[in-house]
Amino acid sequence: MVRKISENIFEVGAIDWDRRLFDELIPLPNGTSYNSYLIKGSEKTLLIDTVDPTKTAFLLANLQQLGISKIDYVIAHHGEQDHSGSLPDVLAAFPMAKVVTNAKCRDELKEHLLLSDEQFMVIEDRQVLSLGDKNLEFLFAPWVHWPETFLTYLKEEQILFTCDLFGSHLASAELLAVNEPEVYRTAKRYYAEIMMPFRTNIKKHLEMLAPYQIKMICPSHGPVYQRPQLILDAYKDWTSDKVKNEVVFPYVSMHGSTAKMADRLIAALLERGVIVQPFNLSRTDIGELAMAMVDAATIVIGSPTVLAGPHPLANYAAFLANALRPKTRFVSIIGSFGWGGRMVDILAGAIPNLKVEIIPPVVIKGVPKTADLAALDALAAVIAQKHKEVV
Ligand code: FEO
């Protein structure tokens, strides 16, 4: 299916309606798309990114449908296979085409796809490539989310092609982001899962983009932003240091004691005006948990004690928080034990990447008694007070 972006610019990639897991790790409840863009200039024709190798046939069929007999350039913004994996087949179909990319991405593509040096045209930051009546400026934007990533700005039309940046894992019949609440939510989840660890880099890239007039943003996953401010404002907010009066509360309970503690803490936080997002880890979509971490001021992990340590699911929640590096300011831990263990030490030691204050945990023996419930109320009061100081 070819989708027209504007005169002589087409989306020719593929929608992956059925994909439910990315990198064998990230759940995709809404599928995804691998957008590829064809630009016909007065002198040269250029393709921006390719598609996942499982969808190569869709890309080639779309090019055939448009009657494309010659491609001069293929921009490879990013070495990951969901955008570069079809390059060998595209180059086989259009052998005169040069892969336009930076030196880092060239080296990756040589390793992963066994391409050779003569198949590349290596570009520099801010270099401009002319297609005749259309001129493309390359803007290096490393670490979104690999070191080689860059963006392309089509000057005449003021369109920014961003590959992974600003994307969303959303298979949609609509080319444009017309359902803004849906796209915002999926883009936030995508940011949390993929971009959040690189928040500082992305902040700099947003500053770099500030002087550019941008009429449209074309990412390589999800809908195209015909109102770019939607996603630019969202990224400005997510990457800022601002946190919200929210607690993300991943917990797991084996025999009900930690669950009773969880119920009390949730009620105590809500009574004090703190929004809480609980996630029972035995049935949690990790993408939802990641998304909740984007702007919450506090994370509380709840765990029973298993073999003298945290439950493995609680360990995983701590691992996830440490890997995704949210801007969280405070962390605490609650839980129960039968006869002892190092649950708190292990969980607290699992988050060295987080620059947080640890609020004293509430860890009890057996089921919660009156004094334990009071301790949870006190924890909620401390969290509410801390939030007043930073939100
Ligand atoms: Fe969509 Fe990093 O690949």
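How each quantity is defined
- Residues numbered from 1 in each chain as written.
- Predicted model: local features only at pLDDT ≥ 70, side-chain atom pairs only at ≥ 80, totals over all residues.
- Heavy atoms only, no water.
- UniProt positions renumbered as here; feature names shortened; annotations may be inferred.
- Helix = DSSP H or I, 4+ residues; strand = E, 2+ residues; numbered from the N terminus.
- Buried < 20%, exposed > 50% of the residue type's maximum accessible area, 1.4 Å probe, protein only.
- Polar contact = N/O pair within 3.5 Å; in protein donor to acceptor, adjacent residues only side chain to side chain.
- Pairing = 2+ DSSP bridges.
- Axes fitted to C-alpha atoms, helices over the stretch in contact; angles between N-to-C directions.
- Phe/Tyr/Trp six-rings, centres within 6.5 Å; stacked < 30°, edge-to-face > 60°.
- Salt bridge = Lys/Arg side-chain N within 4 Å of Asp/Glu carboxyl O.
- Contact = heavy atoms within 4.5 Å.
- Core = buried A, V, L, I, M, F, W, Y, C linked by side-chain atoms within 4.5 Å.
- Parallel < 35°, antiparallel > 145°, perpendicular 65-115°, else oblique.
- Left-handed = near helix turned anticlockwise from the far one by under 90°.
- Nonpolar A, V, L, I, M, F, W, Y, C, P; charged D, E, K, R; others polar.

As named in an unreviewed UniProt entry, the protein chain is MBL fold hydrolase, taken from candidate division WOR-1 bacterium RIFOXYB2_FULL_48_7. Looking at the protein chain in UniProt, the text filed under Sequence similarities (unreviewed entry) is "In the N-terminal section; belongs to the zinc metallo-hydrolase group 3 family."

Caption draft 1: Focus on the UniProt feature "domain: Flavodoxin-like" (unreviewed entry) in the protein chain. On the UniProt side, "domain: Flavodoxin-like" (unreviewed entry) is annotated at positions that read residues 247-384 here. In this annotation, residues 247-384 is assigned 41% helix and 28% strand; the end-to-end C-alpha distance for the span is 10 Å.

Caption draft 2: How the structure looks around the side chain of His83. Within the secondary structure, His83 sits in helix H2 (residues 81-84). For His83, a relative accessible area of 1% corresponds to the buried category. There is a polar contact of 3.0 Å between the side chain of His83 and the side chain of Asp82. At 3.1 Å, the side chain of His83 forms a polar contact with the side chain of His221.

Caption draft 3: Local environment of the sheet that holds strand S15 (residues 159-163). Spatially, S12-S13-S14-S15-S16 is the arrangement adopted by the five strands of the open sheet, whose pairing is mixed. In this open sheet, the two edge strands, each paired with only one partner strand, are strand S12 (128-130) and strand S16 (216-219). Shown here is a sheet whose adjacent strand axes are inclined to one another by a mean of 25 degrees, direction ignored. Relative to strand S14 (residues 150-154), strand S13 (residues 135-140) runs antiparallel, the two sharing five bridges. When the sheet's bridge partners are listed, Phe138 is paired in S14 with Thr152.

Caption draft 4: A look at unusual backbone geometry. In this structure, the amide linkage connecting Val144 to the following residue, His145, adopts the cis form with an omega of 15 degrees. Relative to the elements of secondary structure, His145 occurs in the loop between S13 and S14. In this model, Asn8 sits at a positive phi of 65 degrees, which is unusual for a non-glycine residue. Residue placement: Asn8 occurs in the loop between strand S1 (3-6) and strand S2 (9-11). Here the phi dihedral of Arg325 falls at roughly 50 degrees; this positive angle occurs in a residue that is not glycine. Looking at the secondary structure, you find Arg325 in the loop between helix H10 (312-324) and strand S21 (330-337).

Caption draft 5: Summary view of the packing of aromatic side chains. Throughout the structure, instances matching the rule amount to 12 aromatic pairs. Ring plane angle 80 degrees and centroid distance 5.3 Å describe the contact between Tyr191 and Tyr235, whose orientation is recorded as edge-to-face. Taken together, the residues Tyr191 in helix H5 (residues 180-195) and Tyr235 in helix H7 (residues 229-239) connect sequence positions 44 residues apart. Across this residue pair, the class does not change: Tyr191 and Tyr235 are buried. Clustering of aromatic rings is evident, with ring pairs tying together Phe166, Tyr184, Tyr191, Tyr235 and Trp238.

Caption draft 6: The arrangement of the pattern of salt bridges in detail. By the definition in use, this model includes 23 salt bridges. Close ionic contact of Glu7 with Lys4 constitutes a salt bridge, the shortest N to O distance being 3.1 Å. In this structure Lys4 comes out as partly exposed when scored by relative accessible area, which is 48%. Taking the shortest distance from any N to any O, the salt bridge between Arg19 and Asp52 comes out at 3.4 Å.

Caption draft 7: Just the environment of Ala321, in detail. Topologically, Ala321 is positioned in helix H10. For Ala321, a relative accessible area of 3% puts it in the buried group. Between the C-alpha atom of Ala321 and that of Pro88, which follows or precedes it by 233 residues, the distance is 37 Å. Setting aside chain neighbours within four positions, we find Ala321 in contact with Met293, Ile299, Pro326 and Leu354.

Caption draft 8: Structural context of the nonpolar core. Of all hydrophobic cores here, the largest spans 61 residues; its most connected members are Leu160, Phe166, Tyr225 and Tyr235. Among residues more than four places away in sequence, those in contact with Leu160 are Leu139, Leu151, Thr152, Tyr153, Phe166, Leu209, Ile214, Met216, Ile217 and Cys218. Listed in part, the 23 residues of the second largest apolar core include Leu87, Val90, Leu115 and Phe120.

Caption draft 9: Inspection of the packing of H5 against H7 at higher detail. Following both chains from N to C, one finds H5 and H7 inclined at 40 degrees, their axes separated by 11 Å at the closest point. In terms of their interaxial angle, H5 and H7 are classed as oblique. H7 is crossed by H5, and the crossing has right-handed handedness. On the side of H5, the interface is formed by Glu180, Tyr184, Ala187, Lys188, Tyr190, Tyr191 and Met195, while H7 contributes Leu230, Ile231, Ala234, Tyr235, Asp237, Trp238 and Thr239. Among the residues forming the contact of H5 with H7, the class breakdown is 10 nonpolar, one polar and three charged.

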